[in-house]
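Reading the structure
So you can see what is in the structure, the chains are spelled out below.
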Amino acid sequence: MVEKVGAAATQNPLDPAAILKDTAITAVIAFAIFGPIVGLKTVAIGNGLALEQRWGTVAALVAIVAAGRLLINLFGVGAASSYLKLHALRVGIIAAVAGALMIFLSLAAGQLPVVGLPLLPPVVIAWLTIIGPIFLFGGVWLIYVSFAQKNGGAAASKALRDTSAYGRYFGIALLIAAIILPFIPGIDRRVMDLGILMLTYVMLGWGLNIVVGLAGLLDLGYVAFYAVGAYSYALLSTIYFPIWFGEGIIPWAFWLVLPIAGFLAALWGIILGFPVLRLRGDYLAIVTLAFGEIIRVILINWYDFTGGPNGISDIPRPSFFGIPFTNDENGFAATFGLEYAPIQRIIFLYYVILALALLTYFVTMRLRALPVGRAWEALREDEIACRSLGINTTSTKLTAFAIGAMFGGFAGSFFATRQGFVSPESFVFMESAIILAIVVLGGLGSQLGVVVAAIVIIGAFELFRELDFLVAVMPAGFDPVQYRMLAVGLAMVLIMRWRPRGLVTRREPTVYLKEKKAVSADLVAQGHG
């Protein structure tokens, strides 16, 4: 094996001139992209507008892109890789150790004077925090490449692809962690709010996974059903239920409206499904995108009914089956003999969305094992073959749209009661894009993959709020939060480059003969139904 690699390295030696030329071209392209987008920003000055120039930030982004391209040229697929992979293990170990040391120094910087070492400047600490994880993960990847070469790639690739051995235990561990999260010492409201947000997107991802992952129907307007559920609860609980049943119904409003919101969202799913029965692929995606925008425009312009751009406020908070979370003798704390704390309502909301997400999971898994679930998967693989087998594709598509929309309506109703306010700005196309990205990134048809992708994407959004140390190394006026979508998009591109079928690509068959045999995602025509 070593002789073959050595021979390849001799035939394709390292070409520094070609590598530098390619890196320079990449830097020019990056400058052409980032220059007008990042380098120029319009700011309001008095009654006019002015251009704020941020060329320092552009230079930093171009340097990052050029460095990434240089690393790809050195360690990626090409002539240089066969030469440098001979030393992948050695370089990987050195990089991993150096990265771990950098991370340790950045975390223990405040304690260095205690042991007689000099105090590091903030700029040095910031660079260590940035470069350390890159070296660590890059070193681990090079070590993996080295072992994959020695074993012909079979053992390492199988370990990454085969999730059957530990996927179930990983899911159980995530469930246990979710259940005990509110009782872990040090967990505050900020962490609970983040957990609620992640679970909401997990539920939305599982709902959209029925349409996109199981039935193969590309839906870009899923946020419309989310909006229908939210406005259904907002309108019924603030206007119509008090008129019909009196003010006494308000503490029970959430539990009464929740199934109604799901039913109305499912009804809109059927309304969407009928016009698109003959559409597939890109055409279906365009129509669903238009449907989502139609719902948003209606919410904005139907002022007398929806409140228009002002939205609907003073939406009732949920109660513990009629017991409000208030600081009085009729409240939750007094009823159960507890000391009142505002976080009690947040914990209750957390368990409500956890229960709704688990309901979505169990219903989806049961439906997959039923004839309708197998019809969805048949429709996804080949609609013509599906019709030839006598499957009613009309009802199959409609059930997928309706059930997926129903869970979106449940999530929307919860969103309205948690926020206490809804407006059309909460249901823009970007929400649909994020939900679809969670499904695709996790792996179409994979329930566990949706959970992992939701944690990664939503967690990455919030992580950028904690990157204040970047201000020490970036130009003045740099705000990390403004670049979170850029970073998440870049991460998705990289993941799709090396894991094009998503993070979890293995599927368990719902019907099998004698024994289950996992189907590789490479053999599945996803998203072509």
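Let us look at the overall build of the protein chain. A tally of regular secondary structure across the protein chain gives 21 helices and four strands. Counting every position in the protein chain, which comprises 529 residues, the buried fraction comes to 42%. In the protein chain, the share of contacts with a sequence separation of at least 24, taken over all contacts with a separation of at least 6, comes to 72%. If you sum the accessible surface of the protein chain, you get close to 27,700 Å²; carbon and sulfur atoms cover 69% of it.

Next up on the list: helix α18 (residues 393-419). The periodicity of an α-helix, 3.6 residues per turn, causes residues three or four places apart in sequence to face the same way. Over its 27 residues, α18 extends 39 Å from the first C-alpha to the last, a length consistent with the 39 Å expected when each residue adds 1.5 Å. Extensive coverage of α18 is indicated by the burial of 22 of its 27 residues. You can read the cap of α18 off the contacts: a side-chain oxygen lies 3.1 Å from the backbone nitrogen of Thr 394, and it is on Asn 392.

Close contact between helix α15 (residues 343-369) and helix α16 (residues 371-381) brings their axes to 4 Å; oriented N to C, the two are set at 80 degrees. Comparing the axis directions of α15 and α16 gives the class roughly perpendicular. Of the residues in α16, those in contact with Leu 367, Arg 368 and Ala 369 of α15 are Pro 371, Val 372, Gly 373, Arg 374, Trp 376 and Glu 377. Residue composition of the contact of α15 with α16, by class: five nonpolar, one polar and three charged.

Okay, the packing of helix α10 (residues 223-245) against α18 next. Between α10 and α18, whose axes approach to 6 Å, the crossing angle comes to 45 degrees. Between α10 and α18, the interaxial angle falls into the category oblique. Remark: the crossing between α10 and α18 carries right-handed chirality. Touching Phe 225, Tyr 226, Gly 229, Ala 230 and Tyr 233 of α10 are Ala 405, Gly 408, Gly 409, Ala 411, Gly 412, Ser 413, Phe 415, Ala 416 and Thr 417, all from α18. Partitioning the contact of α10 with α18 into residue classes produces eight nonpolar, six polar and no charged.

Here we take up the pattern of salt bridges. Pairing between side chains of opposite charge can happen when the charged atoms of each approach one another. What the rule picks out here adds up to seven salt bridges. A salt bridge links Asp 22 to Arg 69; the nearest nitrogen and oxygen atoms lie 2.6 Å apart. Taken together, the positions of Asp 22 in helix α2 (residues 16-38) and Arg 69 in helix α3 (residues 55-75) put the pair 47 residues apart, joining distant regions of the chain. Residue classification places Arg 69 among the partly exposed residues on the basis of a relative accessible area of 30%.

We now examine the nonpolar core. With 90 residues, the main nonpolar core has Leu 208, Trp 376, Phe 414, Val 422, Phe 427, Ile 438 and Ile 457 as its most contacted residues. Listed by contribution, the elements that provide at least two residues to this core are α9 (189-214), α10, α11 (253-273), α12 (281-301), α15, α18, α19 (429-442) and α20 (447-463). With 14 residues, the top contributor of residues to this core is α9. Ignoring sequence-local partners within four residues, the contact set of Phe 427 consists of Val 223, Tyr 226, Ala 227, Ala 230, Tyr 231, Arg 296 and Phe 415. Of all hydrophobic cores here, the second largest spans nine residues; its members include Ala 27, Ala 30, Leu 61 and Val 62.

Here the focus is unusual backbone geometry. The phi angle at Asp 314 is positive, at roughly 55 degrees, despite the residue not being glycine. With respect to the helices and strands, the residue Asp 314 is situated in the loop between α13 (303-306) and α14 (332-335). You can call Asp 314 exposed: its relative accessible area is 70%.

Attention now goes to the confidence of the model for the protein chain. Keep in mind that low pLDDT regions are not for reading the predicted coordinates in detail. Within the protein chain, residue pLDDT values average 79, and 80% of them lie at 70 or more. When the criterion is pLDDT under 50, residues 1-11 qualifies, and its contacts beyond four places in sequence or with other chains add up to eight contacts. Ignoring residues within four places in sequence, the model shows residues 525-529, a span with pLDDT below 50, making 20 contacts including any to other chains.

Taken as a whole and assessed by the stated rule, the structure comprises 28 aromatic pairs. With a centroid separation of 5.5 Å and 50 degrees between ring planes, the pair formed by Tyr 226 and Phe 415 is classed as tilted. Residue Tyr 226 is found in helix α10, and its partner Phe 415 is found in helix α18; the two are separated by 189 residues along the sequence. For Tyr 226, a relative accessible area of 4% puts it in the buried group.

The residue Thr 417 is located in helix α18 in this model. The class for Thr 417 is buried, based on a relative accessible area of 0%. Once residues within four sequence positions are removed from consideration, Thr 417 is found in contact with Tyr 233, Phe 254, Ile 315, Pro 316, Arg 317 and Pro 318.

What follows is about the environment of Leu 89. Mapped onto the secondary structure, Leu 89 falls in helix α5 (residues 88-107). Here Leu 89 falls in the partly exposed class, since its relative accessible area comes to 25%. Taking C-alpha positions, Leu 89 is 5.0 Å from Ile 143, a pair spaced 54 residues apart along the chain.

Side chains of Tyr 169, Ile 172, Leu 175, Ile 176, Ile 179, Ile 180 and Ile 184 sit close together on the surface and give an oily, nonpolar patch of about 620 Å² of accessible area. Exposure remark for Ile 176: the relative accessible area of 46% places this residue in the partly exposed category.

What follows covers the pairing of strand β2 (residues 48-53). Little of β2 sits inside the fold, with zero of its six residues counted as buried. With six bridges joining them, strand β1 (residues 40-45) and β2 adopt antiparallel strand pairing. For Thr 42, the partnering residue across the bridge sits in β2 and is Leu 51. Taking the residues between adjacent antiparallel strands as the criterion, β1 and β2 are bridged by two residues, where Gly 46 takes a positive phi near 65 degrees.

Glancing now at α20. Compared with an ideal rise of 1.5 Å per residue, which puts 17 residues at 24 Å, α20 spans 24 Å between its outermost C-alpha atoms and is within 8% of the ideal. Counting buried residues in α20 gives 12 out of 17 residues, a clear majority hidden from the surface. Buried within α20 are the following residues: Gln 447, Gly 449, Val 450, Val 451, Ala 453, Ala 454, Ile 457, Ile 458, Gly 459, Ala 460, Phe 461 and Glu 462. The residue sitting at the N-terminus of α20 and contributing the capping side-chain oxygen is Ser 446; that oxygen lies 2.9 Å from the backbone nitrogen of Gly 449.

With respect to the element layout, Asn 301 can be found in helix α12. Owing to a relative accessible area of 56%, Asn 301 belongs among the exposed residues under this scheme. Linking Asn 301 and Pro 424, residues 123 residues apart in sequence, is a C-alpha distance of 9.9 Å.

What counts and what doesn't
- Residues numbered from 1 in each chain as written.
- Predicted model: local features only at pLDDT ≥ 70, side-chain atom pairs only at ≥ 80, totals over all residues.
- Heavy atoms only, no water.
- Helix = DSSP H or I, 4+ residues; strand = E, 2+ residues; numbered from the N terminus.
- Buried < 20%, exposed > 50% of the residue type's maximum accessible area, 1.4 Å probe, protein only.
- Contact = heavy atoms within 4.5 Å.
- Areas by Shrake-Rupley, 256 points an atom, 1.4 Å probe, with all protein chains shown as cover.
- Expected span 1.5 Å × (residues − 1).
- Polar contact = N/O pair within 3.5 Å; in protein donor to acceptor, adjacent residues only side chain to side chain.
- Axes fitted to C-alpha atoms, helices over the stretch in contact; angles between N-to-C directions.
- Parallel < 35°, antiparallel > 145°, perpendicular 65-115°, else oblique.
- Nonpolar A, V, L, I, M, F, W, Y, C, P; charged D, E, K, R; others polar.
- Left-handed = near helix turned anticlockwise from the far one by under 90°.
- Salt bridge = Lys/Arg side-chain N within 4 Å of Asp/Glu carboxyl O.
- Core = buried A, V, L, I, M, F, W, Y, C linked by side-chain atoms within 4.5 Å.
- pLDDT = per-residue confidence, 0-100.
- Phe/Tyr/Trp six-rings, centres within 6.5 Å; stacked < 30°, edge-to-face > 60°.
- Patch = residues over 30% accessible without salt bridge, like charges linked within 9 Å, V, L, I, M, F, W, Y side chains within 5 Å.
- Pairing = 2+ DSSP bridges.

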